[in-house]
Amino acid sequence: QVQLVESGGDLVQPGGSLRLSCAASGFILEYYAIGWFRQAPGKEREGVSAIITTDGSTYYADSVKGRFTISRDNGNGTLYLQMTSLKPEDTGVYYCAADILPLSIPPLRPSAYDYWGQGTQVTVSS
């Protein structure tokens, strides 16, 4: 019943910007932790950003602080990741994930989440 569908991935040049979207359905978003994770070829999946919907707390990986912004549209249940100043190191498959509150694991750890989307490819290259 819970579905997460990512979109917006693309090929962009270094320094460019991109906005990813995650359409969430089948649960009450206001009582969930929801976030973005990415996985580069040959690397483990890592947390990028997350938001706790009850109090609005946000979390960012050190590698993206100041460049990425997580937000949500309460009207249509969509989660966004605005990415700016993109670097080749940002390349990877980006996943949206969610789980019901409270979390028992820190929100940037993939193991904290039970529900995942299929991912969208982001490639940063000249």
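Engineer: Now, about the packing of aromatic side chains: what can you tell me, with residues and values included?
Structural biologist: Enumeration over the complete set of coordinates arrives at 4 aromatic pairs. Their ring planes at 70° and their centres at 5.1 Å tell us that Phe 37 and Tyr 113 sit as a pair that is edge-to-face. With a gap of 76 residues between them, Phe 37 in strand β4 (residues 32–39) and Tyr 113 in the loop between β9 (92–100) and β10 (115–116) connect regions that are remote in the sequence. Exposure class is identical for Phe 37 and Tyr 113. Each is buried. Accessibility expressed as a relative area gives 4% for Tyr 113, which makes it buried. The structure contains a cluster of three or more aromatic residues connected by ring pairs, namely Phe 37, Tyr 95, Tyr 113 and Trp 116.

Engineer: Lay out the state of the cysteines in plain terms, naming residues and giving numbers.
Structural biologist: This structure, assessed with the given rule, holds 1 disulfide. Across the disulfide from Cys 22 sits Cys 96; the S-S distance is 2.1 Å. Taking the sign of the torsion about the S-S bond as the criterion, the disulfide between Cys 22 and Cys 96, at about -75°, is left-handed. Of this pair, Cys 22 sits in strand β3 (residues 18–25) while Cys 96 sits in strand β9, and the two are 74 residues apart along the sequence. Both residues of the pair, Cys 22 and Cys 96, belong to the buried class.

Engineer: Break down the environment of Gly 9 for me, citing the residues and quoting the values.
Structural biologist: Relative to the helices and strands, Gly 9 is located in the loop between β1 (3–7) and β2 (11–12). Given the relative accessible area of 29%, Gly 9 is considered partly exposed. Expressed as a C-alpha distance, the spacing of Gly 9 and Ser 25, which sit 16 residues apart in the sequence, is 20 Å.

Engineer: Could you give me a rundown of the side chain of Arg 67, with the residues and numbers involved?
Structural biologist: Within the secondary structure, Arg 67 sits in the loop between β6 (58–60) and β7 (68–73). In this structure the side chain of Arg 67 is engaged in a polar contact, spanning 3.0 Å, whose partner is the backbone oxygen of Ser 85. Leave out the neighbours within four places in its chain, and Arg 67 touches Gln 82, Met 83, Thr 84, Ser 85, Leu 86, Lys 87 and Asp 90.

Quick notes on the rules
- Residues numbered from 1 in each chain as written.
- Predicted model: local features only at pLDDT ≥ 70, side-chain atom pairs only at ≥ 80, totals over all residues.
- Heavy atoms only, no water.
- Phe/Tyr/Trp six-rings, centres within 6.5 Å; stacked < 30°, edge-to-face > 60°.
- Helix = DSSP H or I, 4+ residues; strand = E, 2+ residues; numbered from the N terminus.
- Buried < 20%, exposed > 50% of the residue type's maximum accessible area, 1.4 Å probe, protein only.
- Disulfide = S-S within 2.5 Å.
- Polar contact = N/O pair within 3.5 Å; in protein donor to acceptor, adjacent residues only side chain to side chain.
- Contact = heavy atoms within 4.5 Å.

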